[in-house]
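Inside the fold
What follows is each chain in one-letter form.
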Amino acid sequence: MKKIIILLAAVFLLAACGQNETKQENSGESAEVHPLEVNLKVPDHANIHEKVSLTAEVSYGGEAVEDADEVKFEIWKEGEKEESKMIEAKHEKDGQYTIEHTFDENGVFFVQSHVTAKNQHNMPKKQIVIGELHKDGASTGENEETANHTHEHSHGSVDIQLELPENVKANAETLIQTKIQADNAPLLNANVRYEIWKDGSEKHDWVDAAGDEKGTYEAKYTFSDPGTYQIQVHVNNDEGLHEHVTKKVTVQK
């Protein structure tokens, strides 16, 4: 009888240990990482001295982000990026961060939101025209040269090709290349950075890339562990361009 009791006690003990290990494994699972989404709402046109509402709708994994670390709006007139204004946004509701701004002169302006949340950064940009437009497309008070320059930017296209070696191995230096074209010509003198993170990790590494006369931007990076990684290339320049492309890579042992 004592042997049976001891045997049953051992069975129950093993079962309890198994359940405990399962709980520990489940608790150790990493949360899925999603891209930070920002929907920038800027009207196409507004009048001079009119109060304009600018909104960034921030979401992560389909859910509104109510606790962003930072949301700011950068505003500048075309060709005057060095004189831009940075304004901190106010959190309203449902992941919406808003400012109200009054433009005090006619022309073409750019609005770029700088959003930091969930260990990520996103900077979408949009254009707004202030004042009436002439038939040739120039805003009131702007010359023909400005009008043509605006037309090229508003209808231009940017092509970003992120390239990686066919086989990427952990603990080995990897060359990351991005070929960038704007309006079918190499994009030169852009600021290009690679944001790299492993699926399930909150740590994001940033690597600056160097460009050449062919619009190719390169950087070297060493992946510390095998697994699935995300690489997002961020492209911006002094004219207000900001684009990004994300690519997934599997790193082998």
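Bear in mind the structure is a predicted one, so any value in this text is a computation, not a measurement.

Examining the overall build of the protein
When helices and strands are tallied, the protein shows two helices and 21 strands. Looking at the 253 residues of the protein, the share that counts as buried comes to 36%. Once local pairs closer than 6 in sequence are excluded, the contacts in the protein between residues at least 24 apart make up 62%. When the accessible surface of the protein is split by element, carbon and sulfur atoms take 46% of a total near 15500 Å².

Digging into the sheet that holds strand E20 (residues 227-236)
Ordered by their spatial adjacency, five strands build an open sheet running E13-E21-E20-E16-E17, and the pairing between neighbours is mixed. Of all strands in the sheet, those with a lone pairing partner are strand E13 (168-169) and strand E17 (205-208), marking the two edges. As paired strands, strand E16 (residues 191-198) and E17 are joined by four bridges and run antiparallel to one another. In the sheet register, Tyr194 faces E17, and the bridge partner there is Val207.

Considerations on unusual backbone geometry
Unusually for a residue other than glycine, Asn119 sits at a positive phi of about 60°. With respect to the helices and strands, Asn119 occurs in the loop between strand E9 (107-117) and strand E10 (120-122). For Asn119, a relative accessible area of 44% puts it in the partly exposed group. Look at Asp183: it is not a glycine, yet its phi comes out positive at around 55°. Structurally, Asp183 can be placed in the loop between strand E14 (173-182) and strand E15 (185-186). We classify Asp183 as partly exposed; its relative accessible area is 46%.

Regarding the side chain of Lys77
Relative to the elements of secondary structure, Lys77 occurs in strand E5 (residues 70-77). Classification of Lys77 by relative accessible area gives buried; the value is 13%. Polar side-chain contacts of Lys77 include one of 2.9 Å to the side chain of Glu105.

Describing the packing of aromatic side chains
Within the structure shown, the criterion is met by four aromatic pairs. Here Tyr221 and Phe223 contribute two aromatic rings whose centre-to-centre distance is 4.9 Å and whose plane-to-plane angle is 80°, an arrangement assigned as edge-to-face. The burial state of Tyr221 is the same as that of Phe223; both residues are buried. Aromatic pair Phe223 and Tyr229: ring centres 4.8 Å apart, planes at 70°, arrangement edge-to-face.

A closer look at the confidence of the model for the protein
Scored by pLDDT, the protein comes out at a mean of 81, with 78% of its residues at no less than 70. By mean pLDDT, the top-scoring element of the protein is strand E8 (residues 96-102) (96), and the lowest-scoring one is helix H2 (residues 144-155) (33). Across residues 21-25, where pLDDT falls below 50, the model places zero contacts with residues more than four positions away in sequence or in other chains.

Considerations on a negative patch on the surface
Together, Glu66, Asp67, Asp69 and Asp94 give the surface a local cluster of negative charge. Turning to its location among the elements, Asp94 is positioned in the loop between strand E7 (90-91) and E8.

Some points on the pattern of salt bridges
Under the criterion given, the structure shown has seven salt bridges. Close ionic contact of Lys81 with Glu74 constitutes a salt bridge, the shortest N to O distance being 3.0 Å. Glu74 gets classed as buried once you look at its relative accessible area, which sits at 6%.

Here's the deal with the environment of Ile75
Residue placement: Ile75 occurs in strand E5. Judged by relative accessible area, Ile75 falls into the buried class, the value being 4%. If we skip the residues at most four places from it in the chain, Ile75 touches Leu54, Ser84, Lys85, Ile87, Ile99, His101, Phe103, Phe110 and Val111.

Overview of the environment of Asp225
The topology assignment puts Asp225 in the loop between strand E19 (216-222) and E20. Put simply, Asp225 and Ala170 are 55 residues apart on the chain and 5.3 Å apart in space, counted from C-alpha to C-alpha. With residues near it in sequence (within four places) discarded, Asp225 still touches Ala170, Lys198 and Val251. Polar side-chain contacts of Asp225 include one of 3.2 Å to the side chain of Ser224.

Section: the pairing of E14
Both strand E12 (residues 158-163) and E14 contribute to a ladder of six bridges, which runs antiparallel. Looking across to E14, one finds that Leu162 is bridged to Thr178. In this sheet, E19 lies alongside E14 in antiparallel orientation, the contact comprising seven bridges. Bridge pairing in E19 links Leu175 to Lys220. Examined bridge by bridge, E14 and E15 share two bridges and lie antiparallel to one another. Note that in E15 the partner of Ala182 across the bridge is Ala185. Once E14 ends, the chain turns through two residues before running back antiparallel as E15, passing Asp183 with a positive phi of about 55°.

How each quantity is defined
Residues numbered from 1 in each chain as written. Predicted model: local features only at pLDDT ≥ 70, side-chain atom pairs only at ≥ 80, totals over all residues. Heavy atoms only, no water. Helix = DSSP H or I, 4+ residues; strand = E, 2+ residues; numbered from the N terminus. Buried < 20%, exposed > 50% of the residue type's maximum accessible area, 1.4 Å probe, protein only. Contact = heavy atoms within 4.5 Å. Areas by Shrake-Rupley, 256 points an atom, 1.4 Å probe, with all protein chains shown as cover. Pairing = 2+ DSSP bridges. Polar contact = N/O pair within 3.5 Å; in protein donor to acceptor, adjacent residues only side chain to side chain. Phe/Tyr/Trp six-rings, centres within 6.5 Å; stacked < 30°, edge-to-face > 60°. pLDDT = per-residue confidence, 0-100. Patch = residues over 30% accessible without salt bridge, like charges linked within 9 Å, V, L, I, M, F, W, Y side chains within 5 Å. Salt bridge = Lys/Arg side-chain N within 4 Å of Asp/Glu carboxyl O. Lys, Arg positive; Asp, Glu negative; His and termini not counted. Charge placed at Lys NZ, Arg CZ, Asp CG, Glu CD.

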